[in-house]
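As a plain string of letters, each chain reads:
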Amino acid sequence: MIIYGGKAVHLKSERSKKTTCPSCGTQGSLILSVYRMHAHIFWIPLFPTVKRGTSQCQHCKNILKTKEMPESLKRECESLKNNTKGPIWQFAGLGIIAVLITWGIYADGEDKKLEYIASPQVGDIYEYKIEIGSYSTLKVIDVSNDSVFVSPNEYEINRKSKINRINTPKNYSKSSYGISKNELKKMYDSGEIFDINR
Ligand SMILES: [Zn+2]
């Protein structure tokens, strides 16, 4: 069973300065309160929806919804709503969803990389770390049962994020060497190879 719905969180209450109670005529007896609603699911707040306002007379206890308020009280209520912020935790569910999606995309990317390492293809580009601050690429030019043959990039770059700049065909060496698939897996697991482009 999915339990969802709306819930109101009290933000602020303030005594009305101008308006007399339309029910009993007492002055200065109206307390305005604003609430922010949020949608929730399984009691976790998802995201805020609307702000609502009510007033109650301290004298006759009469409660007014916004649409029942006299104009001057409505305006006071609007200004109280506009000047009151709701708590950030009303976004908790959206935050959780964003984290899960980001994590899902990341996990999916990691799965793909593992798959590429386990079954290399000609044309795969391995991005690898020579040492900290020095990165380069290897291009797979042949694959046998237990090894891959790579052509090293003759250039290196000092920033991981800019590695694509050196990944052009003319940068790759004419010579090549073999790496066993076991060794390749170790290079990936240790983080020496940090990305694979296919
Ligand atoms: Zn009253």
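The numbering scheme is per chain: residues are counted from 1 as the chain's sequence reads. It should be noted that, the model being predicted, local features are given only for residues of pLDDT at least 70 and side-chain atom pairs only at 80 or more, the latter also being counted only at that level, while totals for whole chains, interfaces and linings use all residues. Here the side-chain values reflect all heavy atoms present in the structure, with hydrogen atoms and water set aside.

Asks: When you look at the nonpolar core in this model, what are you seeing that I'm missing?
Replies: Side chains of a nonpolar character, in soluble globular proteins, are inclined to be buried together. Definition of nonpolar core: a set of buried residues of the types Ala, Val, Leu, Ile, Met, Phe, Trp, Tyr and Cys, connected through side-chain atoms within 4.5 Å. The cut-offs for exposure are 20% and 50% of the maximum accessible area for each residue type, with area from a 1.4 Å probe on protein chains only; residues under the lower value are buried, those over the upper are exposed, and the others partly exposed. Core analysis: the largest hydrophobic core is formed by 14 residues, its most contacted members being Tyr-126, Val-148, Val-150, Ile-179, Leu-184, Ile-193 and Ile-196. Going through the elements one at a time, helix H2 (92-118), strand S5 (125-131), strand S6 (134-143), strand S7 (147-152), helix H3 (181-189) and strand S9 (193-197) are the ones with two or more residues in this core. Counting from the N terminus, the helices are the DSSP runs of H or I reaching at least four residues and the strands are the DSSP runs of E reaching at least two. At 3 residues, the largest contribution of residues to this core is made by H3. We call two residues contacting when some pair of their heavy atoms lies within 4.5 Å. For Ile-193, the contacting residues outside a window of four places in its chain are Tyr-126, Glu-127, Tyr-128, Leu-184, Met-187 and Tyr-188. Grouped together as the second largest cluster of nonpolar side chains are 11 residues, Cys-21, Leu-30, Cys-57 and Met-69 included.

Asks: Would you take a moment to explain the sheet that holds S6 for this structure?
Replies: In a beta sheet, neighbouring strands are held together by backbone hydrogen bonds and run either parallel or antiparallel to one another. Ordered by their spatial adjacency, 5 strands build an open sheet running S8-S7-S6-S5-S9, and the pairing between neighbours is antiparallel. Each having just a single partner strand, strand S8 (177-180) and S9 make up the two edges of the open sheet. The mean inter-strand angle of the sheet, taken between neighbouring strand axes irrespective of direction, is 40°. Two strands form a pair only when DSSP identifies at least two bridges running between them. In this structure, S5 lies alongside S6, joined through 6 bridges in antiparallel fashion. Its bridge partner lying in S6, Tyr-128 is registered against Ser-136. Axis definition: a line fit to C-alpha positions, over the contact stretch in the case of helices; interaxial angles, taken between N-to-C directions, run 0 to 180 degrees. Contacts from H2 reach S5 and S9, with the element oriented near 85° to S9.

Asks: Explain the packing of aromatic side chains to me, please; I cannot follow it from the model alone.
Replies: Stacked, tilted and edge-to-face are the three classes applied to pairs of Phe, Tyr and Trp rings, where Trp contributes its six-membered ring and a pair requires centres within 6.5 Å; stacked means planes under 30 degrees apart, edge-to-face means over 60, and tilted covers the rest. Within this structure, the stated rule accounts for 1 aromatic pair. When the centroid spacing of 5.7 Å and the interplanar angle of 90° are considered together, the rings of Tyr-135 and Phe-194 count as edge-to-face. Of the two residues, Tyr-135 sits in strand S6 while Phe-194 sits in strand S9, which places them 59 residues apart along the sequence. This pair shows no difference in class: Tyr-135 is buried, exactly as Phe-194 is. Here the guanidinium or amino end of Lys-160 rests over the ring plane of Phe-194, the centre of that ring lying 4.6 Å away. Lysine and arginine charges are scored as sitting over a ring when NZ or CZ, respectively, is within 6 Å of the ring centre and within 35 degrees of the ring normal.

Asks: Sorry, what's going on with the coordination of the zinc ion here?
Replies: As a benchmark, a tetrahedral metal site with four donors has ideal angles of 109.5 degrees, while an octahedral site with six donors has ideal angles of 90 or 180 degrees. Every protein donor of the zinc ion is accounted for by Cys-21 (SG), Cys-24 (SG), Cys-57 (SG) and Cys-60 (SG), and the metal-donor separations fall at 2.3 to 2.4 Å. On the primary sequence, the residues serving as donors to the zinc ion are separated as C-x2-C-x32-C-x2-C. Of this pair, Cys-21 sits in the loop between strand S1 (4-15) and strand S2 (30-41) while Cys-60 sits in the loop between strand S3 (44-57) and strand S4 (63-65), and the two are 39 residues apart along the sequence. Counted as donors are N, O and S atoms no farther than 2.8 Å from the metal, or 3.2 Å for Na, K and Ca; water is not among the atoms, and sites may therefore look incomplete.

Asks: I tried to follow the environment of Arg-15 on my own but got confused; where do I start?
Replies: For Arg-15, the position within the fold is in strand S1. It is 79 Å that separates the C-alpha atoms of Arg-15 and Ser-173, two residues lying 158 residues apart in sequence. Not counting chain neighbours up to four residues away, the residues in contact with Arg-15 comprise Gly-28, Ser-29, Leu-30, Ile-31 and Gln-58.

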